[in-house]
Amino acid sequence: MTDITKEQVLETLRTVRGPDLEHNIIELGMVSDVFISDAKVYFSITVPAERAKELEPLRLAAERVVKELPGVKGALVTLTADKKANAAGTPAPRPAAQPHAHNHPHTHAPQQPPRAGKIGVPGIGAIIAVASGKGGVGKSTTAVNLALGLLANGLRVGILDADIYGPSMPRLLKISGRPTQIDGRIINPMQNYGLKVMSMGFLVEEETAMIWRGPMVQSALLQMLREVAWGELDVLVVDMPPGTGDAQLTMAQQVPLAGAVIVSTPQDLALIDARKGLNMFRKVEVPVLGIVENMSYFIAPDTGARYDIFGHGGARKEAERIGIPFLGEVPLTMGIRETSDAGTPLVASDPNGTVAGIYRDIATKVWAQVSNTPQRAAPSIVFE
Ligand SMILES: Nc1ncnc2c1ncn2[C@@H]1O[C@H](COP(=O)(O)OP(=O)(O)OP(=O)(O)O)[C@@H](O)[C@H]1O
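Residues numbered from 1 in each chain as written. Predicted model: local features only at pLDDT ≥ 70, side-chain atom pairs only at ≥ 80, totals over all residues.

An unreviewed UniProt entry annotates the chain as Iron-sulfur cluster carrier protein of Rhizobium paranaense.

Next comes the structure, spelled out in C-alpha cells:
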C-alpha cells in the first residue's frame, strides 16, 4: 500500500462544497496546510466566525471524505475562525441578550442572590467547574484529564457530569451499567481509574433526558450532587454543559463552586465565547481559576515537530488582558482524540507522556489556587 499524499487529500477535498454550495472548499481557499503523519491527516478549515456552528456539517463532511481514502488511518479536522474578517475591522459578533458582556463584565450584571445562599456538600472539600463558552472545544476531555491530574497529585477526586442532555463521562471513562442504590435513595457513584463518577448517562436513556425541561434538569443535577454517596473527596470536578445560557447560569449559582476553569481553543470565535463564560462566573461571584487553551498547537506524531496552525496563544493573551491565571496549553494530538474516544484518558493510560505532564501541571496550578481559598479551609456546611 502506498502512502497517502497531500495531493490526494486536496483532490478529495475538492468534492466538498463550500458554504456557497457552488465552489469547493479548496477553490474557496478555506483549507489550511495539510499535515500527514503516520497515515493520519490533520488540517483546519477557515470559516467566518459567526457561521462556525452552522458549518459543523462541512467539517464532518471533509473529515469523512478524507477518512474514506485508501491508506488513511485517521483524520482530524477543526474549524478555525476567519481572522481576516476581524483584522479588517468587522466587529466580532455579540450576543443579543448580553450586549455589553465581554467589555464590561460588572457594569450590567443583574442582582444575584448572595453567595451565602449556597451551601456546601458534606465530605467534599472543593467543587470545581470546568466550563466552555461553546461546545466542541474539548471541555469534557479537559475535565477528565484534569480530574486524573488532581488524582495523580495524591488527592481524592470525583467527577460529576452536569451535561444532562449530552453526557460524555460514560464514554470518556469507559463506564457502563447502572449504579447501585443504598436504601432506595442514595446512589453509589460509579468508579474507574480511581475516580468516583456520576453522570445522567448512567441513570436514564439519552432520549429521556432530551425531553426534560429546565427545572427537571436542575433537580437532577442537585440530586447527583447531594444524593450520591461521594464519601470523602478533596475535590469534585463538575463538567458543566457547554454554553452560557440561563441553564448554565442557574447551575453556576446553585452548585457551591470553589472556582471555575474555562476551556477555550485559540481561535477568535472560541475566545469570544470563553469571555461570555468568564462573565457568567463573575456575575455569580465564582472565582475564575484560569483558562486552558486546548488544541493550542499541533505536534506531528512522527517527528515531534510543533506547528502553530491554529493561532496558538490567543487564550494566554486573553487571560493576561483580563488578569486571570493562564493554566496551560494542550496540543491537538491524535492521541488525545483516540484515548478520549476509547475511554482511556491519557493521564491514566500514558501517565509518563508529555500530554499527561501538561494536564498534571494544569491540575497543580488549579489546586494551588483552590487550596489557598477560604472555602477549602472552612468545614463544609451541612445542607437542609
Ligand atoms: N487536544 C485535543 N486533541 C485532539 N482531539 C481533541 C482534543 N481535545 C478534544 N479533542 C476531541 O474533540 C472532540 C470534542 O471533545 P469534547 O467532547 O471533550 O468537547 P466538549 O467541549 O466537551 O464538547 P461538548 O460540549 O460537545 O460535549 C472529541 O472527539 C475529543 O476527542
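## Here we look at the overall build of the chain
Scanning the chain from N- to C-terminus turns up 15 helices and 14 strands. Across the 384 residues of the chain, 44% fall into the buried class. Sequence separation of 24 or more characterises 76% of the internal contacts of the chain that already satisfy a separation of 6 or more. (Helix = DSSP H or I, 4+ residues; strand = E, 2+ residues; numbered from the N terminus. Buried ≥ 20, exposed ≤ 12 C-beta atoms within 10 Å, placed from the backbone. Contact = placed C-beta atoms within 7 Å.)

## A look at the site of the ligand
Among the 21 residues in the neighbourhood of the ligand, the closest are listed as Gly135, Gly138, Ser140, Thr141 and Pro242. Residue assignment for the shell around the ligand shows that the elements contributing at least two residues are α4 (139–152), β12 (288–299), β14 (326–332) and α12 (334–342). Per-element accounting of the shell around the ligand gives the leading share, 4 residues, to α12. In the shell around the ligand, the residues fall into 6 nonpolar, 11 polar and 4 charged. (Near = placed C-beta within 6 Å. Nonpolar A, V, L, I, M, F, W, Y, C, P; charged D, E, K, R; others polar.)

## Quick word on the environment of Gly231
With respect to the element layout, Gly231 can be found in the loop between α8 (214–226) and β10 (233–239). Note: C-alpha distance between Gly231 and Gly71 (160 residues apart in sequence) is 49 Å.

## Looking at the domain arrangement of the chain
One can read the domain layout of the chain as domain 1 (6–85) and domain 2 (115–377). Measuring from the centre of the C-alpha atoms in domain 1 to the corresponding centre in domain 2 gives 29 Å. Those elements giving two or more residues to the side of domain 1 that touches domain 2 turn out to be β1 (35–37), β2 (40–47) and β3 (74–81). The greatest single-element share of the side of domain 1 that touches domain 2, amounting to 5 residues, is contributed by β3. Of the residues contributing to the side of domain 1 that touches domain 2, the split by class is 6 nonpolar, 6 polar and 4 charged. (Domains from an automatic or database assignment.)

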